[in-house]
Every structure is written in C-alpha cells, then in structure tokens.
Amino acid sequence: MQAVILAGGLGTRLSEETIVKPKPLVDIGGRPIIWHIMKIYAAHNITDFIICLGHKGHLIKEFFANYTLHMSDMTFDLAAHSSITHRNEAENWRVTLIDTGEATMTGGRLARVLDRIEGEEFCLTYGDGLADVDVSASIAFHRAHKKLATVTAVYPPRRFGVLEMEGDIVTNFREKPQGEGGFINGGFFVLSPQVGRMLKGDTTVWEQEPLKMLATEGELHAFRHHGFFQPMDTLRDRTYLEQLWASGSPPWKCW
C-alpha cells in the first residue's frame with residue numbers, strides 16, 4: 001500500500017512561514033507537518049510514500065536527503081574520507097519525490113504520479129492536515145464497498161463561539177458545537193488508480209470535476225470520522241497545533 005501526499009501548493013494564507021519554505025515543511029513540535037502525516041500512515045503499516053512537489057519542492061528533497069544524517073550519531077574520518085554510523089533513528093520508509101510542477105492543480109499533480117502506483121488501491125491526502133483517523137478502518141471500508149473512491153468525511157474545526165441573545169442582551173455563550181455545518185472533505189482518501197480517467201491534465205482540480213464525477217457515478221463513498229481533524233491553513237492553526245503538541249498528548253499522535 002502506498003500513500004500519495006500533495007505537497008506542492010503555495011500556502012499563501014500562511015505566508016509568515018511559506019515565504020521561506022513550503023507549507024509541508026512548517027514545523028509542529030520541531031518536526032515538519034508532513035512528517036507527522038507520514039507517522040500517522042506508518043502507524044497503520046503504510047511506509048511507501050509518493051510526495052507531489054511544487055512550490056519550493058527542492059527544500060523537501062533536501063530535508064529527506066539529509067534526514068538519515070540528522071537522525072544518526074556519526075563519526076567522520078576526514079583523512080580517510082569515510083564515515084561510521086553509530087545510531088540511526090530514521091524511520092524505515094521509502095520516499096519517492098516527484099516534481100509535479102509549480103502551478104499544477106491538485107488533480108494534475110495526482111495524474112503525474114499515477115504511473116508510480118504499484119497496487120490496486122492507494123491512499124491520498126493533503127500535506128497540511130492532521131487527524132486521528134483510523135486509516136486501517138478506512139481501507140477496510142473502501143475494500144468492502146468496492147467502489148473507486150473513499151473520502152474521509154470530517155466535521156469542520158470549531159472556530160467561533162455562539163452567542164445566545166434576547167434582544168441586545170447576551171444570555172449565554174457557548175463554543176460552536178462539533179459537527180455544526182455538516183461534514184466536509186478531510187482528505188485521507190483511499191482510491192483505485194482507475195480514478196485517473198477523471199484527470200484531464202495539469203489544470204484539473206481534484207476537488208472539482210473528478211470528485212463530482214465520482215459522486216454522480218456512485219463511485220464515491222464517505223468514511224465518517226468523528227474524531228480530531230485540523231488543517232494548518234493559517235498562523236493561528238499552526239499555533240493551535242503547536243499548543244496541542246506541547247500539551248504532551250496531541251490527539252493525532254498514534255505512534
């Protein structure tokens with residue numbers, strides 16, 4: 001089983017960070033958010049990743065090129081031009097990094113890597129969203145309904161409190177209830193490579209025509225996730241995720 005991660009967007013709403021790095025490399029607890037996403041998949045024995053690069057993609061290449069070195073204790077013998085690794089804590093992952101274009105849309109990025117898919121199904125998600133989703137259960141759900149696509153349906157994050165008023169007098173204040181507003185696309189897809197017939201080129205937006213076609217044809221099912229979900233769209237979102245990590249029990253940490 002492989003997981004494709006979309007990591008090529010501009011991340012303009014998080015420009016405080018993305019002016020110098022791609023959004024998937026923005027740190028949460030000292031590790032890039034894409035690392036957290038990969039750890040979620042690895043906890044479900046998915047360790048073969050295909051990362052779709054775009055904006056500042058060379059920095060993601062440099063991160064993985066140096067990752068084993070940064071996770072190891074080393075001795076370098078400069079005279080002998082040799083090195084010895086004493087301890088290596090890097091994960092046992094296979095990571096394929098594909099440049100899918102600076103301005104390519106999400107569906108176009110997926111189309112560019114479909115030839116790298118080796119099985120009858122694969123996972124797909126965004127490089128900026130965390131959840132405590134049961135990936136194994138979503139795969140089992142996908143295999144059971146035997147359709148082309150599964151999307152993880154999540155509740156939108158609670159952003160605003162609700163005022164209860166009588167005239168101009170506030171009688172109560174409550175946090176926005178979880179689930180108010182209905183389910184949204186939370187990523188963490190499970191797909192058949194046959195979805196490629198819905199992808200027409202670099203300008204294809206995965207969330208528009210392809211998903212609409214799949215829904216119209218009855219080929220899209222929703223795996224309902226009632227737990228934690230949080231995208232990192234803004235600096236406020238990043239700060240919130242940092243606070244959760246600093247608490248010692250971030251809800252998405254399943255490893």
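Before going into details, it helps to say that this report is about the structure given with it. Since this is a predicted model, take the numbers as computed values, not measurements.

So, on to the side chain of T18. In this structure, T18 sits in helix 1 (residues 15–18). Classification of T18 by relative accessible area gives buried; the value is 5%. Engagement of the side chain of T18 in a polar contact is seen with the backbone oxygen of G11, the distance being 2.8 Å.

If you walk through the whole model with that rule in mind, you get 13 salt bridges. Between E17 and R238 there is a salt bridge, and its shortest N-O distance comes to 3.5 Å. Of this pair, E17 sits in helix 1 while R238 sits in helix 7 (residues 235–246); the two residues are 221 residues apart in sequence, bridging distant segments of the chain. The exposure class of E17 is buried, given its relative accessible area of 17%. Residue classification places R238 among the buried positions, given a relative accessible area of 17%. Of the charged contacts in the structure, one is a salt bridge between R143 and E121, with a shortest N-O distance of 2.5 Å.

This part is about helix 7. For helix 7, which comprises twelve residues, the first-to-last C-alpha distance of 16 Å matches the rise-based estimate of 16 Å (1.5 Å per residue) to within 8%. Looking at the packing, one finds that the buried side of helix 7 touches helix 1, strand 2 (27–28), helix 2 (33–42), strand 9 (129–131) and strand 16 (229–231). In the segment just after helix 7, G248 is the residue with positive phi, at about 95°.

With that settled, consider the pairing of strand 10 (residues 149–154). Of all six residues that make up strand 10, six are buried, and the element is covered over most of its length. In strand 10, alternate side chains face the same way, and those of A149, V151 and A153 on one face and T150, T152 and V154 on the other are all buried. Two strands pair when backbone bridges link them, and strand 10 and strand 15 (residues 220–224) are joined in this way by five bridges, in the parallel orientation. Bridging from a neighbouring strand, T152 pairs with F223 of strand 15.

Parameters at a glance
Residues numbered from 1 in each chain as written. Predicted model: local features only at pLDDT ≥ 70, side-chain atom pairs only at ≥ 80, totals over all residues. Heavy atoms only, no water. Helix = DSSP H or I, 4+ residues; strand = E, 2+ residues; numbered from the N terminus. Buried < 20%, exposed > 50% of the residue type's maximum accessible area, 1.4 Å probe, protein only. Polar contact = N/O pair within 3.5 Å; in protein donor to acceptor, adjacent residues only side chain to side chain. Salt bridge = Lys/Arg side-chain N within 4 Å of Asp/Glu carboxyl O. Expected span 1.5 Å × (residues − 1). Contact = heavy atoms within 4.5 Å. Pairing = 2+ DSSP bridges.

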